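Chains, contacts and geometry: an overview
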Amino acid sequence: MAYHGPSYGLSRECQMKSQAKFDLHRAREACDWVEAVTEVPLDWPTSDGLIDQLAFGHALKDGIALCTLLNHLQPGSVKRINTMKAPFKQRENVEMFLKGCEAYGLKSQDLFQVNDLYENRNLYMVVDCLYALGGLAQKRSFDGPVIGVKVAMENKRNFSEEKLKESHKIIGLQYGSNKGASQAGMTAYGTGRQIIPGEAQKNLSVDGQKIIGLQSGSNKGASQAGMTPYGAPRQIIPDDGTTSHLFLGFEELSPSLLLHSEAIIKQN
């Protein structure tokens with residue numbers, strides 16, 4: 001296996017995400033299934049067995065156990081299994097296993113790349129592949145140990161042309177339906193909505209429905225006549241015309257300035 005050195009930045013982030021997807025419990029079940037079908041124990045790096053994802057990759061990276069597993073599911077899938085420890089021979093075993101899985105009926109999205117296993121890049125994809133292979137084996141009536149969910153059988157239905165044409169006459173519920181509703185009897189915009197029982201509606205006059213109720217809002221004939229333009233000052237003067245109380249808050253002003261201001265107000 002080539003040594004690529006430590007990863008940094010985005011590569012390190014992608015590597016950590018891939019490692020987080022690895023489930024040790026699912027990997028242990030997958031390894032137990034491989035050993036149960038092949039009846040051959042896996043070669044673990046230590047006596048502790050499967051303790052992490054590196055041990056999982058070490059046990060399967062040579063491809064011997066995978067090719068033996070596929071030959072038990074479908075005899076003759078892998079014609080020759082390389083037992084040499086040379087890297088290119090081990091990678092060849094993994095590649096033959098992937099080609100055999102595709103010929104067995106496994107979909108391409110359920111497979112993994114050779115480097116995902118041999119270089120421990122995406123070991124969770126190897127676990128997912130084994131689960132998908134176990135589900136496909138159940139569909140093909142494999143009578144040995146099983147793993148994963150059985151792949152559903154195809155249930156294709158054939159309809160005649162006449163039956164298919166009848167479906168074009170029906171508007172599906174996903175398009176919506178008003179069940180024959182219309183706007184007949186709708187009142188004008190802005191009129192009050194009166195919720196009255198059906199029997200009491202017979203005694204209502206038609207003219208009463210044309211009046212905008214007070215609950216809808218009314219200005220009672222008010223207008224803007226006599227309004228000063230925007231920004232003009234607003235003068236609040238009592239009826240007696242006195243203005244001295246307007247300057248109660250300006251005690252600090254001089255008496256002459258107060259008299260001058262009162263004269264200007266009286267002129268206005």
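One structure accompanies this document, and this report is about it.

Structural notes on the nonpolar core
Judged by nonpolar contacts, the single largest core of 44 residues is most densely connected at Phe56, Leu60, Phe97 and Leu133. Elements that contribute at least two residues to this core include exactly helix 2 (24-38), helix 3 (53-60), helix 4 (64-73), helix 5 (87-104), helix 6 (114-118) and helix 7 (123-139). Counting residues per element, this core draws most heavily on helix 7, which supplies 11 residues. Beyond its immediate chain neighbours, meaning those up to four positions away, Leu133 contacts Trp33, Leu69, Leu70, Leu73, Phe97, Cys101, Tyr104 and Leu106.

Details of the pattern of salt bridges
All chains considered together, the criterion is met by 5 salt bridges. Between Lys17 and Glu13 there is a salt bridge, with the nearest N and O atoms lying 3.8 Å from each other. Within this pair, Lys17 and its partner Glu13 are both found in helix 1 (residues 9-20), separated by 4 residues, close to a single helical turn. Judged by relative accessible area, Lys17 falls into the exposed class, the value being 52%. The exposure class assigned to Glu13 is partly exposed, which follows from its relative accessible area of 42%. Across the salt bridge formed by Arg121 and Glu119, the nearest N and O atoms sit 2.9 Å from each other. Overall, Arg121 belongs to the partly exposed group, its relative accessible area being 44%. Assessed through its relative accessible area of 15%, Glu119 is described here as buried.

Looking at helix 7
Between the first and last C-alpha of helix 7 there are 25 Å, a value that for 17 residues agrees with the 24 Å anticipated at 1.5 Å per step. Of all 17 residues in helix 7, 14 are buried, a share of seventy percent or more. Where helix 7 ends, the next residue or the one after it, Ser141, has phi of about 65°, a positive value.

Some words on the packing of aromatic side chains
Applying the stated criterion across every chain yields a total of 2 aromatic pairs. Their ring planes at 55° and their centres at 5.7 Å tell us that Phe22 and Phe56 sit as a pair that is tilted. Separated by 34 residues along the polypeptide, Phe22 in the loop between helix 1 and helix 2 and Phe56 in helix 3 bring together distant segments of the chain. Comparing Phe22 with Phe56 shows no difference in burial state: the two are buried. Ring geometry for Phe97 and Phe112: centres 6.4 Å apart, planes at 35°, overall tilted. Highlighted residues: Phe97 in helix 5 and Phe112 in the loop between helix 5 and helix 6, separated in sequence by 15 residues. Comparing Phe97 with Phe112 shows no difference in burial state: the two are buried. Note that Arg26 overlies the ring of Tyr131, its terminal NZ or CZ placed 4.1 Å from the centroid. The ring of Tyr104 carries the charged tip of Arg140 above its face, separated from the ring centre by 4.7 Å.

Criteria and cut-off values
- Position numbers for residues count from 1 along each chain, tracking the sequence in the order it is written.
- Predicted model: local features are reported for residues with pLDDT of at least 70 only, side-chain atom pairs are reported and counted for 80 or more only, and whole-chain, interface and lining totals are derived from all residues.
- With hydrogens and water set aside, each side-chain value is computed from the structure's full complement of heavy atoms.
- Residues enter a nonpolar core if they are buried and are Ala, Val, Leu, Ile, Met, Phe, Trp, Tyr or Cys, with the set joined through side-chain atoms within 4.5 Å.
- Burial classification: accessible surface area is computed with a 1.4 Å probe over protein chains only, and a residue below 20% of its type maximum counts as buried, one above 50% as exposed, and the rest as partly exposed.
- The helix and strand labels rest on DSSP assignments: H or I over at least four residues marks a helix, E over at least two residues marks a strand, and numbering proceeds from the N terminus.
- Any two residues having at least one pair of non-hydrogen atoms within 4.5 Å are treated as being in contact.
- We define a salt bridge as a contact between a side-chain nitrogen of Lys or Arg and a carboxyl oxygen of Asp or Glu at a distance within 4 Å.
- One less than the residue count of a helix, multiplied by 1.5 Å, gives the span that helix is expected to have.
- Classification of ring pairs rests on two measures: the distance between centres of Phe, Tyr or Trp rings, Trp counted by its six-membered ring, which must be within 6.5 Å, and the angle between planes, read as stacked under 30 degrees, edge-to-face over 60 and tilted in between.
- Remark: a charge is flagged as sitting over a ring if the NZ atom of Lys or the CZ atom of Arg is within 6 Å of the ring centre and within 35 degrees of the ring normal.

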